[in-house]
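Chain and residue survey
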Amino acid sequence: RLERLQRVVTKLQMESGLCEEQLNQADALLQADVRLLAAGKAPQKAAEVERDLDKADAMIRLLFNDVQSLKDGRHPQGEQMYRRVYRLHERLVSIRTEYNLRLKSGAPVTAVTAVSVTSGQRRPEPDEAPLRYLQELMAWVEENQRRVATAEWGADLPTVETHLGAHRGLHCAIEEFRAKLDRARADEVRPLGAGNPLVLGVTSCKPPTVPPQNSSKSRLRHLESLHGFVSAATKELLWLSEREEEEVAFDWSHNNPAMAAKKESYS
């Protein structure tokens, strides 16, 4: 058991390093595009950044699964590995947030204000950043609501454990999403006037019927219950398999001196 858990630790150390490299690459591409935007040019690496972030996201979910196996096995490095993977997850959330705000929905700096040539007065254009941010939040909510609703459960212990680990990673992201919603609410109540695009955006955005946090908690609870049941059932099936092999391999002839003990065992 300890050897198996130590192999998990080694695997976590190696794959968390690969994940960190993936995040470094995504961040470098993102910063390059941010500099292009600041210079009034179109970004060039948006698709690559999103692809790298998706890869890192998938890796982190599997890492959370391995971390949970360490914690379940009470391995002394379980908490240390958890903090390591959680830091990777925090960095993923940070990079993805910057990508959504400054690249995916960001406007060039030169488009923020306009100068009226006829009047000679400087007239600011409406700041659409809060509206874009709100729309991005709503899209994130809808996408993760869909992922929770359509996710599979698994029919055996390995697949159930994989789905459980993946959903734990997703659930952490959903829990951290609360801070972004608080920011959106703060922008919503900011008195910028009836013409504020955020006010218009709030009235036009319809929130999902069931918050993803509620459905995510429900799925996590059901997955943990399913995992407990499948784990117990698997142990029983292994016990039955061992007993079956023992009976099949037993010498049932009358010449077997162990027959008397076998009969007593059966009685």
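Residues numbered from 1 in each chain as written. Predicted model: local features only at pLDDT ≥ 70, side-chain atom pairs only at ≥ 80, totals over all residues. Heavy atoms only, no water.

Per an unreviewed UniProt entry, the protein carries the name PLEC protein and comes from Orthonyx spaldingii.

With respect to the environment of Gln22
Within the secondary structure layout, Gln22 lies in helix α1 (residues 2-38). Measuring from C-alpha to C-alpha, the distance between Gln22 and Met59 comes to 9.6 Å, with 37 residues separating the pair along the chain. Among all residues touching Gln22, those that are not within four sequence positions of it are Asp52, Lys55 and Ala56. (Helix = DSSP H or I, 4+ residues; strand = E, 2+ residues; numbered from the N terminus. Contact = heavy atoms within 4.5 Å.)

Quick word on the pattern of salt bridges
Opposite charge on two side chains permits pairing when their charged atoms draw close. The full count for this structure, using the stated rule, is eleven salt bridges. Its salt-bridge partner being Arg91, residue Asp27 comes within 3.6 Å of it at the nearest N-O pair. In this pair, Asp27 sits in helix α1 while Arg91 sits in helix α3 (residues 78-104), placing the two residues 64 residues apart along the sequence. Exposure remark for Arg91: the relative accessible area of 28% places this residue in the partly exposed category. In this structure, Arg243 engages Glu246 in a salt bridge whose closest nitrogen and oxygen atoms are separated by 3.7 Å. Taken as a pair, Arg243 and Glu246 lie in helix α7 (residues 212-249) at a separation of three residues, close to a single helical turn. Ionic contacts of the salt-bridge type, sharing partners, join the residues Glu242, Arg243, Glu246, Glu247 and Lys262 into one network. (Salt bridge = Lys/Arg side-chain N within 4 Å of Asp/Glu carboxyl O. Buried < 20%, exposed > 50% of the residue type's maximum accessible area, 1.4 Å probe, protein only.)

Topic: the environment of Ala42
With respect to the helices and strands, Ala42 occurs in the loop between α1 and α2 (46-72). Of the residues examined, Ala42 reaches a relative accessible area of 49% and is grouped as partly exposed. Spatially, the C-alpha atom of Ala42 lies 9.6 Å from that of Leu103, the residues being 61 residues apart in sequence.

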